[in-house]
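Each chain, written out:
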Amino acid sequence: QVQLIESGGGLVQAGASLRLSCAASGRTFSTYTMGWFRQAPGKEREFVAGISWTGGVTNYADSVKGRFTISRDNAKNTVYLQMNSLKPEDTAVYYCAAAYGPGTFIPPRVEDRYNYWGQGTQVTVSS
């Protein structure tokens, strides 16, 4: 029912910045907690950041805290991930996800609590 399309990935050098966008097609976007996950080749998909439907509660992985910022614009049905001071270890496919239901107001860190997923956008950070 909800379709998510990520964009903004690319190839950058270490220390650079990127802003990822996730556009949602659903008319009820504002009711969903949104999250970003990433998956590097040969690695498990991991939580990066999440934001409540109000935008008032955020959650970050320790590895990105202080460097990445998640935000949303419900009027545009879009969630963003501003990534600063990128490191080669940030290289991965980044996925946007949406969660709803009990226990999702505080953005979950567990991927199986998210109900909808985008196709991903590649972020590559070179040395």
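Residues numbered from 1 in each chain as written. Predicted model: local features only at pLDDT ≥ 70, side-chain atom pairs only at ≥ 80, totals over all residues. Heavy atoms only, no water.

With respect to the pairing of strand E3 (residues 18–24)
Taken across its seven residues, E3 has five buried, putting it largely inside the fold. Where E3 meets strand E8 (residues 78–83), six bridges bridge the pair, whose relative direction is antiparallel. Paired with Arg19 across the strands is Gln82, a residue of E8. (Buried < 20%, exposed > 50% of the residue type's maximum accessible area, 1.4 Å probe, protein only. Helix = DSSP H or I, 4+ residues; strand = E, 2+ residues; numbered from the N terminus. Pairing = 2+ DSSP bridges.)

Focus on the sheet that holds strand E7 (residues 68–73)
Pairing within the open sheet is antiparallel, and its four strands lie in the order E1-E3-E8-E7. Each edge of the open sheet carries a strand with a single partner, namely strand E1 (4–7) and E7. The average angle at which neighbouring strand axes cross in this sheet is 15 degrees, direction not considered. Across four bridges, the pairing between E1 and E3 is antiparallel. In the sheet register, Glu6 faces E3, and the bridge partner there is Cys22. (Axes fitted to C-alpha atoms, helices over the stretch in contact; angles between N-to-C directions.)

Some thoughts on the packing of aromatic side chains
Applying the stated criterion across every chain yields a total of seven aromatic pairs. A ring pair is formed by Phe37 and Trp117, whose centres lie 5.0 Å apart and whose planes are at 55 degrees; its orientation type is tilted. Of this pair, Phe37 sits in strand E4 (residues 33–39) while Trp117 sits in strand E10 (residues 116–117); the two residues are 80 residues apart in sequence, bridging distant segments of the chain. Judged by its relative accessible area of 1%, Phe37 is buried. Every member of this aromatic cluster is reached through a ring pair, and the members are Phe37, Phe47, Tyr114 and Trp117. In this structure, Arg45 is placed above the aromatic ring of Tyr95, and the distance from its NZ or CZ to the ring centre is 5.4 Å. (Phe/Tyr/Trp six-rings, centres within 6.5 Å; stacked < 30°, edge-to-face > 60°. Lys NZ or Arg CZ within 6 Å of the ring centre and 35° of its normal.)

Structural notes on the pattern of salt bridges
This model, assessed by the stated rule, comprises five salt bridges. Between Glu46 and Arg38 there is a salt bridge, with the nearest N and O atoms lying 2.8 Å from each other. In this structure Glu46 comes out as partly exposed when scored by relative accessible area, which is 36%. The exposure class of Arg38 is buried, given its relative accessible area of 5%. Note that Asp90 is salt-bridged to Arg67, the shortest N-O span being 2.8 Å. Of this pair, Asp90 sits in the loop between E8 and strand E9 (92–99) while Arg67 is found in the loop between strand E6 (58–60) and E7, placing the two residues 23 residues apart along the sequence. One salt-bridge network, held together by shared partners, links Arg38, Glu46, Arg67 and Asp90. (Salt bridge = Lys/Arg side-chain N within 4 Å of Asp/Glu carboxyl O.)

Quick notes on the state of the cysteines
For the structure shown, the criterion picks out one disulfide. Between the sulfur atoms of Cys22 and its disulfide partner Cys96 the distance amounts to 2.1 Å. Between Cys22 and Cys96, the S-S torsion sits near -80 degrees, and that sign places the bridge as left-handed. In this pair, Cys22 is assigned in strand E3 and Cys96 in strand E9, connecting sequence segments 74 residues apart. Each member of the pair, Cys22 as well as Cys96, is classed as buried. (Disulfide = S-S within 2.5 Å.)

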